[in-house]
Amino acid sequence: MAPRKPRKPQAIDLLGEKISGWITKYGLQSDPYLNDLLRAIDGKRDLHIWAEMDPMDYLPHPDTNVGEAAARLVRLLTVIRNVLVFAPVALTWAAVSAATTGFSQYISDNGADVVNFLDFWQNGYGILAEEWKIGNVARLDFIIVLIVIALTLYVSQAGHKVRALKRASEDAIDRERVALAIEIRTALHDKKKITTVTMNSSL
């Protein structure tokens, strides 16, 4: 007796596999339309009801997580850049405050032997700490401004790249969604309940 050939999977079975794969790929386990449709396909029941529903109206729009890590980095760097913008102003005014306090002490200690404020701010005369001298503060302000410029350029370029990746991913998902909708309509087309309208349409 010749061995029985394995049954060739029907279009409806292949559709069930395709839907299962789509659910797993995009984490759509909680979507009611896909879950109920999959149960109907597996049980081969009530398919005429699903054949009347337009899948383009009911298929979910999966979210894309492409570029999500890069987007988080861009948001973090944007916050850091926005804070650093004000750092030179805060640092300069802190240095002015320290220099003013030190200058007042210098005047009270030296009496008639008084230098001007900018000279004191630059040299300190043993009273003003090294980090508050005008040259050091100006150098640090310059470094911060350079960092802000570099972060601005990087955030702009990286943000554009992330948006391009997300658009490309969303377009690809939309194409998959349309292709799946076409497969659903094609596979369920002959499952429609026979009525005068469907009979005339088929004829």
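How each quantity is defined
Residues numbered from 1 in each chain as written. Predicted model: local features only at pLDDT ≥ 70, side-chain atom pairs only at ≥ 80, totals over all residues. Heavy atoms only, no water. Helix = DSSP H or I, 4+ residues; strand = E, 2+ residues; numbered from the N terminus. Buried < 20%, exposed > 50% of the residue type's maximum accessible area, 1.4 Å probe, protein only. Contact = heavy atoms within 4.5 Å. Phe/Tyr/Trp six-rings, centres within 6.5 Å; stacked < 30°, edge-to-face > 60°. Core = buried A, V, L, I, M, F, W, Y, C linked by side-chain atoms within 4.5 Å. Axes fitted to C-alpha atoms, helices over the stretch in contact; angles between N-to-C directions. Parallel < 35°, antiparallel > 145°, perpendicular 65-115°, else oblique. Left-handed = near helix turned anticlockwise from the far one by under 90°. Nonpolar A, V, L, I, M, F, W, Y, C, P; charged D, E, K, R; others polar. Polar contact = N/O pair within 3.5 Å; in protein donor to acceptor, adjacent residues only side chain to side chain. Patch = residues over 30% accessible without salt bridge, like charges linked within 9 Å, V, L, I, M, F, W, Y side chains within 5 Å. Areas by Shrake-Rupley, 256 points an atom, 1.4 Å probe, with all protein chains shown as cover. Salt bridge = Lys/Arg side-chain N within 4 Å of Asp/Glu carboxyl O. Lys, Arg positive; Asp, Glu negative; His and termini not counted. Charge placed at Lys NZ, Arg CZ, Asp CG, Glu CD.

### Looking at the overall build of the protein
From N to C terminus, the protein includes nine helices and zero strands. Listed by position from the N terminus, the elements making up the protein come as α-α-α-α-α-α-α-α-α. In the protein, which comprises 203 residues, the share counted as buried stands at 29%. Of the contacts formed within the protein by residues at least 6 apart in sequence, a portion of 65% connects residues at least 24 apart.

### Details of the packing of aromatic side chains
For the coordinates displayed, the defined rule picks out nine aromatic pairs. Judged by centre distance (5.7 Å) and plane angle (45°), the ring pair of Phe117 and Trp121 falls under tilted. With a gap of four residues between them, Phe117 and Trp121 both fall in helix H7 (residues 117-123), about one helical turn apart. According to the relative accessible area criterion, Phe117 is partly exposed, its value standing at 27%.

### Quick look at the nonpolar core
Counting 23 residues, the largest nonpolar core has Leu15, Ile19, Leu34, Leu37, Leu59, Ile184 and Leu188 as the members making the most contacts within it. Residue assignment for this core shows that the elements contributing at least two residues are helix H1 (11-26), helix H2 (32-43), helix H3 (47-51) and helix H8 (134-188). Apart from the residues lying within four places of it in its own chain, the contact partners of Ile184 are Leu15, Ile19, Tyr33, Leu37, Pro55 and Leu59.

### What to know about the packing of helix H5 (residues 68-84) against H8
The axes of two packed helices give the description: the angle between them and the distance between them. The interhelical angle for the contact between H5 and H8, taken along N-to-C directions, is 155°, at an axis separation of 9 Å. Overall, the two elements H5 and H8 adopt an arrangement that is roughly antiparallel. Our pair here, H5 against H8, has a crossing hand that is left-handed. Contact with H5, carried on its side by Glu68, Ala70, Ala71, Leu73, Val74, Leu77, Thr78, Ile80, Arg81 and Leu84, involves Ile144, Ile147, Val148, Leu151, Thr152, Tyr154, Val155, Ala158, Gly159, Val162 and Lys166 of H8 and no other residues of that element. Tallied by class, residues from the contact of H5 with H8 come to 15 nonpolar, three polar and three charged.

### Re the side chain of Asp31
For Asp31, the location among the structural elements is in the loop between H1 and H2. Separated by 3.0 Å, the side chain of Asp31 and the backbone nitrogen of Leu34 make a polar contact.

### Structural notes on a nonpolar patch on the surface
On the surface, a nonpolar cluster with roughly 730 Å² of combined accessible area is contributed by Leu140, Phe142, Ile143, Val145, Leu146, Ile147, Ile149 and Leu153. Secondary-structure assignment places Leu140 in helix H8.

### Here we look at a negative patch on the surface
Together, Asp63, Glu170, Asp171 and Asp174 give the surface a local cluster of negative charge. Structurally, the position occupied by Asp63 is in the loop between helix H4 (55-58) and H5.

### Looking at the environment of Leu34
In this fold, Leu34 is placed in helix H2. Here the alpha-carbon distance between Leu34 and Leu59, two residues 25 residues apart in the chain, equals 7.3 Å. Aside from chain neighbours lying at most four places away, what touches Leu34 is Ile19, Trp22, Ile23, Leu28, Leu59 and Pro60.

### Some thoughts on the packing of helix H6 (residues 87-110) against H8
Between H6 and H8, the least distance of the axes is 9 Å, while the angle of their chain directions is 170°. It follows from the interaxial angle that H6 and H8 lie roughly antiparallel. Here H6 contributes Ala87, Pro88, Leu91, Thr92 and Ala95 to the contact with H8, which in turn contributes Val137, Leu140, Asp141, Ile144 and Val145. The residue inventory of the contact of H6 with H8, partitioned by class, reads eight nonpolar, one polar and one charged.

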